[in-house]
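Here are the chains, one letter per residue:
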Amino acid sequence: MPKDNSIKSVLIIGSGPIVIGQACEFDYSGSQAARSISEEGIKVTLINSNPATIMTDPMMADKVYLLPLEVESIEKILQENDIDAVLPTMGGQTALNLCKEVADLGIWEKYNVRLIGVDIKAIDKAEDRELFRQWMIKMGIQVAPAKTANSFLEGKEFAQEIGFPLVIRPSFTLGGTGGGFVHTKDDLDEALNRGLEASPIHEVLVEKAVLGWKEFELELLRDSADNVAIICTVENFDPMGVHTGDSITVAPAMTLSDTAFQLMRNTAIDMMRDLGNFAGGCNVQFSLNPETEEIIAIEINPRVSRSSALASKATGYPIAKIAAKLALGYTLDELKNQITKTTSAYFEPALDYVIVKIPRWNFDKFKGADDTLGLQMKSVGEVMGIGRSFTEAIQKACQSLENDALGLGYYGKNQMKADELVEYIKIPKWDRIFRIKDALMLGVTVKTIVQATKIDRWFIYQIQLLCNVEKEIAKYSIDNLPLDLLKDAKKHGFSDAQIAKIVHGDCTDDQVYDKRKAAGITRVYKMVDTCSAEFEAKTPYYYSSFEN
Amino acid sequence: MSSTSQSALLLLADGTIFHGKAFGKIGTTTGEICFNTGMTGYQEVFTDPSYYGQILIMNNVHIGNYGTKAEDVESDTIKIKGLIGRNLENNYSRYQADKSLEEYLILNNIVSIADVDTRALVTHIRNKGAMNCLISSDNDNVEELKKQLAAVPDMEGLDLTSEVTTKEEYELGDPASDLRVAVLDFGIKRNILKNLTDRGAYVRVHPAHTSLDRLKEFNPTGYFLSNGPGDPAATEYAVKIVKAILEEQMPVFGICMGHQLLALANDVPTYKMHAGHRGLNHPVKNTITGLSEISTQNHGFAVDPEKIKENKALEVTHINLNDGSIEGFRMVGRPVFSVQYHPEATPGPHDSRYLFDDFINAMKSFKEAAPTA
């Protein structure tokens, strides 16, 4: 289906202030959408209360309103402009909520404005936890066992039925406030009371905690003709129990067999097709039991999100840009891949590299704050490393954190003993990845670490590999460091500064640089091209790596 | 990473050399080089008989992460002749897995090379086209290896189906079923048969060199033409039998090689593609329904897109959205159709499984229309 030509003017709703729990992703998606719609010759009007964004720059939209994200502001815009359609899927939860509020008051209808990209029913089904559960059960898709309780006694009864560990999720609170894990019966009373008090309607969801299961996210696009494509599959390094925004994540999925992946893909496609009217970008999260490979659906977000912004960078596929075109009525098979310019936009990107995202926390600015990671997102941003191996990517990400880490291979001096470390890493905290490495350096086995953290052993093997390289480097000084080892270290993402610290004797990063330069160990540049080099790319971007 | 640090080299027919580390069996192997962009399902790919005679580059940079598992195969043994990867992993993680990738490769005598700059290599193949190559981890005398490589025949004009077809007939499914499919095996993937039997069909799988009389003895309600390796134009015997099958006026379904043979039997030629299609992400548009599907592909030859349009007895039903190549056609007014890609897809997306339903329905309608058949 070609573009809907009755749309001459579109309103995009922004996401308001950037707060903890976001990573500027909605500025990115809103800007992309504004450009994408403008290039179709359609007038773009934009509302956002946050002037410190790129999307509110005058060149992004035809008209920008810096107004509070309230019903009155929307009505004012509709009075002053002839708006045909509103696109609410680019501004996160804030925009969707405002759009719903305006719809409930009949204001869109009054001004003859159509919702594009998504309809209200689809939003409800996806965002309301209880409706989502019922919808999944109706579709025969497994979800974690759960029950909604309105009183303390009811909550206790359900907790007995469901068993420990479990999660208490208060209804209608923002960002998971008042929720938490309950590991034993002793902690239940307090958690239940806290949850019920946090909820304005005195209601909590008592849910079975699938702690230790693996967590995956799929980023999808769907068009109005029901074509669906999986743009990116992201694997969480941290198992279930840590908010995905606070998890280290990896793309493509590293430990997923084809049978398990296709099960997820089919389930996600079924969910999207059953969602109702929807055209654009969507995120679906699953949890996988590593022993049986059964999966449960965790949530679906019918809008572009933090993870779609990451997936766009990870794959090169401009999700928000294409999602905006789909909202205008285009179908995927009509559009071109924006990177190759010759092949179709309807495809699933293939990666020949690994990306690792590490969240960035600012606990040092919030003295006294609980730095345990859990249901509520606490990070304030994220970094992404790209490499030709997981080891290279994770080292680059660590080097980008703007703390003292020179890489995963070297971070400060560890003060803890092996058994203390094993205890420490049981609780997810911001520095767990560094402490896992410390433990491995002290000779703790991969098996012990897997038992303590429930992190997939493949990742721990990879960190072990980095430890082995580090130990090997430590045997030498810069003068007698073998070139093969130096090359290997560079391929595993060790920075020159990191190597300089590891070798014995005094050494500067310049000395490492000079040594490898003289030996011809220099960077090569590889493309992020959406297609693993299968087709020629016209507008790719590049990352550096080391090859033979 | 390989447990050995023994070096290995990859020599291409155009003289280009790539260096890496030995993995799998130590030795020397030759074949036609090709690349696969899929990010899951390496074991299924390695055991797919359509890859017979080929040395495969996996573009995905980590291969072997979840080990191997006895059931995740498309045939009894590994069919590729060599494997090229960036990071081939020995340490794996999967509860159900029973072997590491390297153990599995050694068991199947597959010489492999890790630590190769696969992206540079794939770019080279994309520009220069498919060619023969050699991997060696036991000989570094390039002049000797060049001589050995020069003696390897070109894929074009090569009949490989005879090497991978079943030696004996065998049956699968419920013998009481009234849907009986006579399968011609040119190198069939297990999951194709599973898709047929899961839908209630009883199948008998025949060696590629089987006479029409023998096929008819099975009293089939339909014929299936399988996938397979090599050049379809080199299998004259197969084109002949497909022509004979078409004269039976029964339902016929073909996949990959089967699709190419169906075209050849209708006097539409095939050609060798520049670098082929191998991956799990190829967009195909169904021109009948207007819907599109993401497909699994593995082919180095394709049906001539101009000649097929000149043949009024044929109608193109599926096209590739990337390059417009022919992905499927049917015979006008007859229950005979085929696709270039793999609707059974293991590995890969299940978007195209409806084609098996179409075939089952075609056989059912045909039976109802002609109850005496």
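Under an unreviewed UniProt entry, the name given to chain B is Carbamoyl phosphate synthase small chain, and the source organism is Arachidicoccus rhizosphaerae. Turning to chain B, the UniProt record has this under Subunit (unreviewed entry): "Composed of two chains; the small (or glutamine) chain promotes the hydrolysis of glutamine to ammonia, which is used by the large (or ammonia) chain to synthesize carbamoyl phosphate. Tetramer of heterodimers (alpha,beta)4."

If you check an unreviewed UniProt entry, chain A appears there as Carbamoyl-phosphate synthase large subunit from Arachidicoccus rhizosphaerae. Regarding chain A, the UniProt comment filed under Subunit (unreviewed entry) reads as follows: "Composed of two chains; the small (or glutamine) chain promotes the hydrolysis of glutamine to ammonia, which is used by the large (or ammonia) chain to synthesize carbamoyl phosphate. Tetramer of heterodimers (alpha,beta)4." The heading Cofactor (unreviewed entry) in the UniProt record of chain A holds the text "Mn(2+)".

A. Region of the structure containing the interface of chain B and chain A. Each partner contributes to the interface: chain B provides 53 residues, whereas chain A provides 57 residues. A combined buried area of about 4500 Å² lies between chain B and chain A, and 47% of that area is made up of carbon and sulfur atoms. In this structure, the connection of chain B to chain A is made through 10 salt bridges. A salt bridge links D529(A) to R119(B); the shortest N-O distance between them is 2.8 Å. Inspection of the region where chain B meets chain A yields 32 residue pairs in polar contact (both at pLDDT 80 or more). Every element with two or more residues in the side of chain B that touches chain A is listed here: β2 (17–24), α3 (118–128), β15 (270–286) and β16 (292–303) of chain B. Of the residues contributing to the side of chain B that touches chain A, the split by class is 17 nonpolar, 23 polar and 13 charged.

B. Representation of the domain arrangement of chain B. Residues and elements named next belong to chain B. According to the domain assignment, chain B contains domain 1 (7–150) and domain 2 (161–369). The C-alpha-based centres of domain 1 and domain 2 are spaced at 28 Å. Between domain 1 and domain 2, roughly 1900 Å² of surface is buried when both sides are summed, and carbon and sulfur atoms account for 50% of that area. Three residues, S50, Y52 and E74, lead the burial of domain 1 against domain 2; their summed loss comes to 31% of the area buried on that side. Inspection of the domain 1/domain 2 interface yields 2 salt bridges. Our count for the contact surface shared by domain 1 and domain 2 stands at 13 residue pairs in polar contact (both at pLDDT 80 or more). Elements that contribute at least two residues to the side of domain 1 that touches domain 2 include exactly β3 (28–36), α1 (42–46) and α3. Partitioned by chemical class, the residues of the side of domain 1 that touches domain 2 number 10 nonpolar, 10 polar and 8 charged.

C. The pattern of salt bridges, seen in detail. Residue and element names in this part refer to chain A. For the coordinates displayed, the defined rule picks out 52 salt bridges over all chains. Here D4 and R114 are joined by a salt bridge, their closest N and O atoms 2.8 Å apart. Residue D4 is located in the segment before β1 (9–13), and its partner R114 is located in strand β5 (residues 114–115); the two are separated by 110 residues in the primary sequence.

D. Focus on the domain arrangement of chain A. We note that the domain assignment places domain 1 (9–116), domain 2 (145–208), domain 3 (214–349) and domain 4 (384–527) within chain A. Centre-to-centre, using C-alpha coordinates, domain 1 of chain A lies 36 Å away from domain 2 of chain A.

E. Spatial organisation of a negative patch on the surface. Residues and elements named next belong to chain A. On the surface, E70, E72, E101 and D104 cluster together into a patch of negative charge. As for its position among the elements, E70 is in the loop between β3 (63–65) and α2 (71–80). Residue class for E70 comes out partly exposed when judged on its relative accessible area of 40%.

Conventions adopted
- Residues numbered from 1 in each chain as written.
- Chains lettered and ligands numbered in written order.
- Predicted model: local features only at pLDDT ≥ 70, side-chain atom pairs only at ≥ 80, totals over all residues.
- Heavy atoms only, no water.
- UniProt positions renumbered as here; feature names shortened; annotations may be inferred.
- Contact = heavy atoms within 4.5 Å.
- Buried area = accessible area lost by both parts, 1.4 Å probe.
- Salt bridge = Lys/Arg side-chain N within 4 Å of Asp/Glu carboxyl O.
- Polar contact = N/O pair within 3.5 Å; in protein donor to acceptor, adjacent residues only side chain to side chain.
- Helix = DSSP H or I, 4+ residues; strand = E, 2+ residues; numbered from the N terminus.
- Nonpolar A, V, L, I, M, F, W, Y, C, P; charged D, E, K, R; others polar.
- Domains from an automatic or database assignment.
- Patch = residues over 30% accessible without salt bridge, like charges linked within 9 Å, V, L, I, M, F, W, Y side chains within 5 Å.
- Areas by Shrake-Rupley, 256 points an atom, 1.4 Å probe, with all protein chains shown as cover.
- Lys, Arg positive; Asp, Glu negative; His and termini not counted.
- Charge placed at Lys NZ, Arg CZ, Asp CG, Glu CD.
- Buried < 20%, exposed > 50% of the residue type's maximum accessible area, 1.4 Å probe, protein only.

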